[in-house]
Amino acid sequence: MNGPASHISIRGVHQVFQSGGQEVYALKAIDLEITRGEFVCLLGPSGCGKSTLLNAVAGFSLPTSGLITVDGTTITTPGPDRGMVFQEYALFPWMTVEQNIAFGLQIKGKAKPAIQEKVGSLLDMLHLEDFRERYPKDLSGGMRQRVAIARVLAIDSPILLMDEPFGALDALTRRNLQDELLRLWTELKKTILFVTHSIEEALYLADRTVVMTYRPGTIKRDLRVDLPRPRDVASPGFNALKKELSQLLMEEQSRHNQDEFRGAAVD
């Protein structure tokens, strides 16, 4: 019996870069199927190709070989079906919160009443109503990231691509935004591909956690997180999975450290 059709399909993807006259494999033989509405985290040490893979799904870069499709259509460029949220917020500093959220809708040529209705709804959904006339410089990091998420949600992309969006935030703000993201995901039924280097964040958020190896980036483990939501980070089940993933990541971090040591020795 066949399972549900893939929303995002990544098949045989290699990404090779030139460095010092040599070929460096950033990604090698990546195969990954993500169904509609799934929340999938990419987890791994620095240099494992998490962001490289996310950028390829976004259409910012093309893989050297292999195929990435969304609903059967090959990805060759960025598109409105895939909304990207970055760690750096990427807001326009000369625009207010309201203007930042409305920007994508204006580019799409939406009518002013429709824009006002959509922006008003998102301001309310992300608890930004009292900040609508503020500029990014006047906001905390957590509030800026709420605006960045609202701006992506405004264009109603069925897929959210998130590159360590909470990585620069303090622990309390980070957990608060994780809970907000889970609430939005439940309500809006988006497909989310989320890059993180935090084991706890991956297990707290994801339906599946995909562990990647240090260079070349391959899939070391595709773990389904069968824990009920809301998840208790202190529960035995959560910590058993955390221990399992910690061991996998330590193996890859050790390879990373050895690689850096060899590079330092050569220098």
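For clarity, every value in this text was computed on a predicted model and none was experimentally measured.

(A) The arrangement of the pairing of strand E10 (residues 219-224) in detail. Inspection of the sheet shows strand E9 (residues 208-212) paired to E10 by five bridges, in the antiparallel sense. Bridge pairing in E10 places Thr209 opposite Leu223. What sits between E9 and E10 in their antiparallel hairpin is a turn of six residues.

(B) Layout of the sheet that holds strand E1 (residues 6-19). One open sheet holds the four strands; their spatial order is E2-E1-E4-E5, and the pairing between them is antiparallel. Both outer strands of the open sheet, strand E2 (22-35) and strand E5 (73-74), are each paired with one neighbouring strand and no more. Inspection of the sheet shows E1 paired to E2 by 10 bridges, in the antiparallel sense. Bridge pairing in E2 links Phe17 to Val24. Across the face of the sheet, helix H1 (residues 50-58) comes into contact with E1, E2 and strand E4 (65-70) while running at roughly 120° to E1.

(C) Layout of empty space enclosed by the protein. Summed over the entire model, instances satisfying the criterion amount to one cavity of 30 Å³ or more. Quantified by volume, the largest cavity comes out at close to 40 Å³. If you go around the largest cavity, the residues you meet are Ile149, Leu153, Leu160, Leu181, Leu184, Trp185, Leu188, Lys190 and Ile192. Looking at side-chain class alone, the lining of the largest cavity contains eight nonpolar, no polar and one charged residues.

(D) View of the layout of surface pockets. As a volume, the largest pocket reaches approximately 450 Å³. Looking at the largest pocket, it is lined by 21 residues, and the ones nearest its centre are Arg82, Gly83, Met84, Val152 and Ile155. The set of elements that each furnish at least two residues to the lining of the largest pocket consists of strand E6 (82-85), helix H2 (97-107) and helix H4 (141-154). Looking at the lining of the largest pocket, the element that brings in the most residues is E6, giving four residues. A per-class count over the lining of the largest pocket returns 15 nonpolar, three polar and three charged.

(E) Highlighting helix H3 (residues 112-125). An ideal rise of 1.5 Å per residue puts 20 Å on 14 residues; H3 measures up with 20 Å between its terminal C-alpha atoms. For H3, every residue scored as buried is listed here: Ile115, Val119, Leu122, Leu123 and Met125. Considered in projection along H3, the buried side chains sweep an arc of 165° and stay on one side of the axis. What points out from H3, more than 90 degrees from its buried face, is the exposed set Pro113, Glu117 and Asp124. The inward-facing, buried residues of H3 contact H2, H4 and helix H5 (171-188). His127 lies just past H3 and shows a positive phi near 55°.

(F) Quick peek at the side chain of Ser157. Here Ser157 is to be found in the loop between H4 and strand E7 (159-163). Here Gly83 takes part through its backbone nitrogen, which lies 3.5 Å from a polar atom of the side chain of Ser157. Residues within four places of Ser157 in sequence aside, it is in contact with Pro80, Asp81, Arg82, Gly83, Val152 and Lys190.

(G) Broad picture of the pairing of strand E3 (residues 39-43). Counting buried positions along E3 yields five of five residues, so the element is predominantly enclosed. Burial along E3 is two-sided: the residues Phe39, Cys41 and Leu43 and Val40 and Leu42 are all buried. Relative to strand E8 (residues 191-196), E3 runs parallel, the two being bridged by five bridges. The residue of E8 that forms the bridge with Cys41 is Phe194.

(H) Here's a closer look at the sheet that holds E7. Ordered in space as E6-E7-E8-E3-E9-E10, the six strands form an open sheet in which the pairing is mixed. What marks the edges here is a single partner per strand, and that holds for E6 and E10. Adjacent strand axes in the sheet meet at a mean angle of 15°, parallel and antiparallel pairs treated alike. Pairing of E7 with E8 involves five bridges; the strand directions are parallel. Looking across to E8, one finds that Ile159 is bridged to Thr191. On the sheet, H4 packs against E6 and E7 and is oriented at approximately 170° with respect to E6.

Parameters and conventions
- Residues numbered from 1 in each chain as written.
- Predicted model: local features only at pLDDT ≥ 70, side-chain atom pairs only at ≥ 80, totals over all residues.
- Heavy atoms only, no water.
- Pairing = 2+ DSSP bridges.
- Helix = DSSP H or I, 4+ residues; strand = E, 2+ residues; numbered from the N terminus.
- Contact = heavy atoms within 4.5 Å.
- Axes fitted to C-alpha atoms, helices over the stretch in contact; angles between N-to-C directions.
- 1 Å grid on protein atoms, 1.4 Å probe; cavity = no way out; pocket = protein on both sides within 12 Å on 5 of 7 lines; lining within 4 Å.
- Points joined across faces, edges and corners; volume = space filled by probe spheres on them.
- Nonpolar A, V, L, I, M, F, W, Y, C, P; charged D, E, K, R; others polar.
- Expected span 1.5 Å × (residues − 1).
- Buried < 20%, exposed > 50% of the residue type's maximum accessible area, 1.4 Å probe, protein only.
- Arc of directions from axis to C-beta.
- Polar contact = N/O pair within 3.5 Å; in protein donor to acceptor, adjacent residues only side chain to side chain.

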